[in-house]
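Residue-level structure breakdown
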Amino acid sequence: MLFFNIFLKSGLMKEIFKGKFITFEGPEGAGKTTQIQLAAKTIESYGVQCLLTREPGGTPLAEELRNIIKHYNGDEKISPETELLLIEAARSQHVKHKILPALAEGKCVLCDRFTDSTCAYQGGGRHMNMENIRILNEFAIAPLKINATILMKLDITEGFKRTQVRYGGKEVFDRFESQNLEFHQNVMDGFLQIAENEHDRVAVINAARSIEEIHTDIMEALYELLR
Ligand code: T5A
């Protein structure tokens, strides 16, 4: 009987996760990369192949753009408009060449950051026009739709402490990490606003706990959002 129940549950989970596009969002160092890997392991145990990917990036061309977006430090400053267009250019390439083909094969695609990061960072952080961002996001991803989003909520200073542990205590900041606390608080507020507006798609997860507790909550939230 126990075996039969496990078999049934696994079959149900397979149907729930097959061909789904799931995004992970949150502030710097919230633990998205850690949790996306654990989620993929669990989903694969249901018999669904997963594709793990990230933004900006995900294809060779998009990864080259990622390097410019995160690390360009020439004399010629990148304007907010150029930053936004570079992010959307990388995204369009990523969606057409990697995400849509994987979904068509029935894979579950797990993406570390996606369009909500653009609303939160370029909209909330850089104060760019939200309607323009929405139009460009749609233009870059159509006909793709996000099935579920995990928003990892963490105090921004705690996130920075975590990334500094990873860098061995050395101060290594990219173009976004080097922004001030007000910028990052606006980003976090932007994420929470999205979650409030779209609770059918976005689950907010308290990321200030152990890795195992967070993982359990994420799998429960995904089940609720996708079933
Ligand atoms: N960006 C991106 C935009 O401005 N607009 C956009 O549209 C998009 C898509 C990407 C940058 O680009 C910007 C936002 C970003 O600034 P990135 O390097 O991908 O840059 O940055 P992050 O996505 O923030 O990646 P991080 O690796 O910094 O953070 P993660 O993935 O959230 O965290 P993770 O898992 O690497 O964990 C960080 C550290 O914490 C530990 C881990 O072991 C690791 O050392 N950790 C924990 N420690 C304690 N308790 C836990 N529960 C922990 N979980 C993990």
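Everything here concerns the structure above.
Residues numbered from 1 in each chain as written. Predicted model: local features only at pLDDT ≥ 70, side-chain atom pairs only at ≥ 80, totals over all residues. Heavy atoms only, no water.

Here we come to the environment of Asp-116. By the element assignment, Asp-116 lies in helix H5 (residues 115-125). Relative accessible area serves as the criterion here: at 6%, Asp-116 is assigned to the buried category. Taking C-alpha positions, Asp-116 is 7.1 Å from Glu-25, a pair spaced 91 residues apart along the chain. Not counting residues within four places of it along the chain, the set of residues in contact with Asp-116 comprises Glu-25, Thr-149, Phe-191, Ile-194 and Arg-201. Side-chain polar atoms of Asp-116 contact the side chain of Arg-201, separated by 2.9 Å. (Helix = DSSP H or I, 4+ residues; strand = E, 2+ residues; numbered from the N terminus. Buried < 20%, exposed > 50% of the residue type's maximum accessible area, 1.4 Å probe, protein only. Contact = heavy atoms within 4.5 Å. Polar contact = N/O pair within 3.5 Å; in protein donor to acceptor, adjacent residues only side chain to side chain.)

Here the focus is the packing of aromatic side chains. Enumeration over the complete set of coordinates arrives at five aromatic pairs. Taking the centre distance of 6.3 Å and the plane angle of 75 degrees together, the rings of Tyr-121 and Phe-191 count as edge-to-face. Of this pair, Tyr-121 sits in helix H5 while Phe-191 is found in helix H8 (residues 181-197), placing the two residues 70 residues apart along the sequence. By the burial criterion, Tyr-121 is buried, and Phe-191 matches it. Members of the aromatic cluster, connected to one another through ring pairs, are Tyr-121, Phe-176, Phe-183 and Phe-191. Sitting above the plane of the Phe-114 ring, Arg-91 keeps its charged end 5.2 Å from the centroid. Taking the ring centre of Phe-176 as reference, the NZ or CZ of Arg-175 above it sits at 5.5 Å. (Phe/Tyr/Trp six-rings, centres within 6.5 Å; stacked < 30°, edge-to-face > 60°. Lys NZ or Arg CZ within 6 Å of the ring centre and 35° of its normal.)

With five of five residues buried, strand E3 (residues 108-112) is to be regarded as a mostly interior element. In terms of strand pairing, strand E1 (residues 21-25) meets E3 through four bridges, oriented parallel. From the neighbouring strand, Phe-24 faces E3, where its bridge partner is Asp-112. Summarising the sheet, strand E2 (residues 50-54) and E3 pair through five bridges and their orientation is parallel. Following the sheet pairing, Arg-54 is matched in E3 by Asp-112. (Pairing = 2+ DSSP bridges.)

Right, let's talk about the site of the ligand for a bit. Residues in contact with the ligand amount to 25 residues; listed here are only the nearest, Glu-28, Lys-32, Thr-33, Thr-34 and Lys-70. Between the ligand and the protein, one listed contact pairs an oxygen atom with a side-chain N or O atom of Lys-70 at 2.5 Å. Arg-113 is positioned such that a nitrogen or oxygen atom in its side chain is 2.7 Å from an oxygen atom of the ligand. For the ligand, the protein covers 85% of the area, taking 1000 Å² as the surface of the free molecule. Assessed atom by atom at 2 Å from the grid points, the ligand resides in the largest pocket. Put simply, the parts of the chain that give the shell around the ligand at least two residues each are helix H2 (32-45), helix H3 (60-71), helix H4 (80-104), H5, helix H7 (156-166) and helix H9 (211-226). The dominant element in the shell around the ligand, judged by the number of residues it contributes, is H5, at four residues. (Near = heavy atom within 4 Å. Areas by Shrake-Rupley, 256 points an atom, 1.4 Å probe, with all protein chains shown as cover. 1 Å grid on protein atoms, 1.4 Å probe; cavity = no way out; pocket = protein on both sides within 12 Å on 5 of 7 lines; lining within 4 Å. Sits in = over half its atoms within 2 Å of the grid points.)

So, about the sheet that holds E2. The strand order across the open sheet formed by five strands is E2-E3-E1-E4-E5, and the pairing between neighbours is parallel. Looking along the sheet, the strands with just one partner apiece sit at the ends: E2 and strand E5 (202-206). Sheet twist, expressed as the mean angle between neighbouring strand axes with direction ignored, is 20 degrees. Packed on one face of the sheet, H9 meets E1, strand E4 (148-153) and E5 and runs near 150 degrees to E4. (Axes fitted to C-alpha atoms, helices over the stretch in contact; angles between N-to-C directions.)

With that settled, the discussion passes to the nonpolar core. Grouped together as the largest cluster of nonpolar side chains are 29 residues, with contacts concentrated most on Phe-17, Leu-110, Ile-150 and Leu-222. Taken together, the elements giving at least two residues each to this core come down to helix H1 (2-17), E1, H2, E3, E4, E5 and H9. The greatest single-element share of this core, amounting to seven residues, is contributed by H9. For Leu-222, the contacting residues outside a window of four places in its chain are Phe-17, Ile-22, Ala-148 and Ile-150. Counting 22 residues, the second largest nonpolar core, distinct from the first, contains Leu-65, Ala-120, Ile-133 and Val-187. (Core = buried A, V, L, I, M, F, W, Y, C linked by side-chain atoms within 4.5 Å.)

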